[in-house]
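Geometric and topological summary
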There are 2 protein chains.
Amino acid sequence: MIAGAKDGRYHHGDLRAALVDAAIALIAERGVRGFSLAEASRRVGVSAAAPYRHFADRDELLAAVAVRGLHLFATMATSEAGDTADPRQRLAAMTRAYVRFAAEQRPLFDALYSAGLDKARYPYLQRAWAPVAAYRAVIEEICAGDVVAADALADALESAAHGHATLLLDACNVHDRDAVTAAADKAAAAALALIDGRQALLRRALTASDQR
Amino acid sequence: MIAGAKDGRYHHGDLRAALVDAAIALIAERGVRGFSLAEASRRVGVSAAAPYRHFADRDELLAAVAVRGLHLFATMATSEAGDTADPRQRLAAMTRAYVRFAAEQRPLFDALYSAGLDKARYPYLQRAWAPVAAYRAVIEEICAGDVVAADALADALESAAHGHATLLLDACNVHDRDAVTAAADKAAAAALALIDGRQALLRRALTASDQR
DNA sequence: GTCTATACCCGGATAGAC
DNA sequence: GTCTATCCGGGTATAGAC
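Residues numbered from 1 in each chain as written. Chains lettered and ligands numbered in written order. Predicted model: local features only at pLDDT ≥ 70, side-chain atom pairs only at ≥ 80, totals over all residues. Heavy atoms only, no water.

Before going further, it helps to spend a moment on unusual backbone geometry. The phi dihedral of Ala 144 of chain A falls on the positive side, at around 55°, and the residue is not glycine. Here Ala 144 of chain A lies in the loop between α7 (135-142) and α8 (147-171). (Helix = DSSP H or I, 4+ residues; strand = E, 2+ residues; numbered from the N terminus.)

To continue, consider the interface of chain B and chain A. Counting residues at the interface gives 36 residues for chain B, matched by 35 residues for chain A. Linking chain B with chain A are 6 salt bridges. Applying the counting criterion to the chain B and chain A interface returns 9 residue pairs in polar contact (both at pLDDT 80 or more). Those elements that place two or more of their residues in the side of chain B that touches chain A are α3 (58-81), α4 (87-104), α8 (147-171), α9 (177-196) and α10 (199-210) of chain B. For the side of chain B that touches chain A, the element with the most residues is α8 of chain B, which contributes 11 residues. Of the residues belonging to the side of chain B that touches chain A, the class tally is 14 nonpolar, 7 polar and 15 charged. (Contact = heavy atoms within 4.5 Å. Salt bridge = Lys/Arg side-chain N within 4 Å of Asp/Glu carboxyl O. Polar contact = N/O pair within 3.5 Å; in protein donor to acceptor, adjacent residues only side chain to side chain. Nonpolar A, V, L, I, M, F, W, Y, C, P; charged D, E, K, R; others polar.)

For the rest of this paragraph, the subject is the pattern of salt bridges. All chains considered together, the criterion is met by 37 salt bridges over all chains. Linking Lys 186 of chain A and Asp 155 of chain B is a salt bridge whose minimum nitrogen-to-oxygen distance equals 2.6 Å. Taken as a pair, Lys 186 of chain A in helix α9 (residues 177-196) and Asp 155 of chain B in helix α8 lie in two separate chains rather than in one. Residue classification places Lys 186 of chain A among the partly exposed residues on the basis of a relative accessible area of 40%. (Buried < 20%, exposed > 50% of the residue type's maximum accessible area, 1.4 Å probe, protein only.)

Quick look at the packing of aromatic side chains now. In this structure the tally under the stated criterion is 13 aromatic pairs over all chains. On the numbers, 6.3 Å between centres and 55° between planes, the contact of Tyr 113 of chain A with Trp 129 of chain A is tilted. In this pair, Tyr 113 of chain A sits in helix α5 (residues 106-113) while Trp 129 of chain A sits in the loop between α6 (123-127) and α7, placing the two residues 16 residues apart along the sequence. Overall, Tyr 113 of chain A belongs to the buried group, its relative accessible area being 16%. Owing to a relative accessible area of 26%, Trp 129 of chain A belongs among the partly exposed residues under this scheme. The interplanar angle of 70° and the centroid separation of 6.3 Å between the aromatic rings of Phe 101 of chain B and Phe 109 of chain B together place this pair among those described as edge-to-face. The pair Phe 101 of chain B / Phe 109 of chain B is uniform in exposure class, with both members buried. Feature note: the residues Phe 73, Tyr 98, Phe 101, Phe 109, Tyr 113 and Trp 129 of chain A constitute an aromatic cluster, connected by ring pairs. (Phe/Tyr/Trp six-rings, centres within 6.5 Å; stacked < 30°, edge-to-face > 60°.)

Turning our eyes to something else, we now look at the packing of helix α1 (residues 15-34) of chain B against helix α5 (residues 106-113) of chain B. Residues and elements named next belong to chain B. It is at 8 Å that the axes of α1 and α5 come closest, and there the two elements cross at 75°. Compared by their axis directions, α1 and α5 come out roughly perpendicular. Residue-level inspection shows Ile 24, Ile 27, Ala 28 and Val 32 of α1 in contact with α5, the latter providing Pro 107, Leu 108 and Asp 110. Classifying every residue of the contact of α1 with α5 by side-chain character gives 6 nonpolar, no polar and 1 charged. (Axes fitted to C-alpha atoms, helices over the stretch in contact; angles between N-to-C directions. Parallel < 35°, antiparallel > 145°, perpendicular 65-115°, else oblique.)

Another aspect to go through is the relation of the copies chain B and chain A. With an RMSD of 0.1 Å, the operation that places chain B on chain A is a rotation of 180° combined with a shift of 0.1 Å along the axis. The two molecules are tied by a two-fold rotation axis, judged by turn and shift. A shared interface surface links the copies, since 97% of the contact residues of chain B are contact residues in chain A too. (Least-squares fit on C-alpha atoms with pLDDT ≥ 70 in both.)

What follows deals with the domain arrangement of chain A. In many reports, interface size means the accessible area that the parts give up when they come together. Residues and elements named next belong to chain A. Here the domain parsing of chain A yields domain 1 (15-53) and domain 2 (84-211). Centre-to-centre separation of domain 1 and domain 2, based on C-alpha positions: 30 Å. Facing the 4 residues of domain 1 at the interface are 5 residues of domain 2. Regarding the contact of domain 1 and domain 2, the summed buried area is about 370 Å², with carbon and sulfur atoms giving 89% of it. When residues of domain 1 are sorted by the area they lose upon contact with domain 2, Ile 24, Ile 27 and Val 32 head the list and together hold 89% of the total. On the surface where domain 1 and domain 2 come into contact, there are 0 salt bridges. Taken together, domain 1 and domain 2 are joined by 0 residue pairs in polar contact (both at pLDDT 80 or more). (Domains from an automatic or database assignment. Buried area = accessible area lost by both parts, 1.4 Å probe.)

Written out as structure tokens, the structure reads:
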């Protein structure tokens, strides 16, 4: 039952939130491509024109879903890391959370990365990444304040997490809990391997310029 | 001028190939989401119904684009590796090729990963991955025949390459050659770091079961 | 066998009534 | 703030010309 529904119809409730909920359910069932404003409206019980009071167009509703996703990811990441003191283990936990978020909240992850949203159009979406950047401090701790090394490691860790997440979603449906756990473990292990082997992240830049 | 065009119209040429070419150009301009069979038909100079003689639906044309992409990637990967003997450097080169392929042939990469194609429907697409699997031998060489270690390293390397590629495409338009080179270098460096730190890929599995 | 013409449904988006 | 009505454009399917 949708909050705000009265006498079989939706009226003067929080239509905006109801549409976001419906969008998430719809993306879960049919993917981002199968999502439409019209169908979301139908499910909430309003006309196809109603959403345009709250969203300029289809993409803006998807952006709202993406923002909710970022908030949830920030929560999951800090929760997964818990009170782990070791910075290596904290980064591994964050990486595991990244993969678990993608799998357990696939519609939100898809809205973030597979919706083809024009980044420039949604500055608030950019800003919603801010909490995630907190982990930068952990990386610098490991790199003992070396900013260049921290940059390199940060990119490598983000890419590893993202790669494991997207390939997992590509390969299977997400209800296979074991597959999700396995992928999350692999990603966490890759994070630790990157940290341990991080000397190579810098050496490479040197040999590249040597070759010129 | 499109091959097979006569008297201003397209007739009895290789319509299938012409549609694949048009699809690639269209995806390059508007992305996978902006691609439509109707627009592709228009560009080739045939009616909107004509493609249905060659493709069951929109997705089947995208799958044809994806297959072409896999062939091209296999070529780029072997070319980039060249005659490098060191297995470490061969894997780094392959990773660099992965990122360069994504950037330089973005429409093909998008057809492969962002088109939302149903894998089960296109067994020939699955088979087209075969040439890529050749690099498995290089990984086993590094792991001295240890199959478990090779599995772990293979997953980590693929994920790293894929993560760097997708985040690059997400972040910028691809015509910035320097950004592409930088991302490819980072990915190659990450591959070397993963190889060097690969002990952690296996240790992780142990500590995970220890925690239970 | 290949393509054209056409009819149908659906989603996106806007204008104006309530 | 939501509804009805409406326009536009794309995808699907088929009948029939060549």
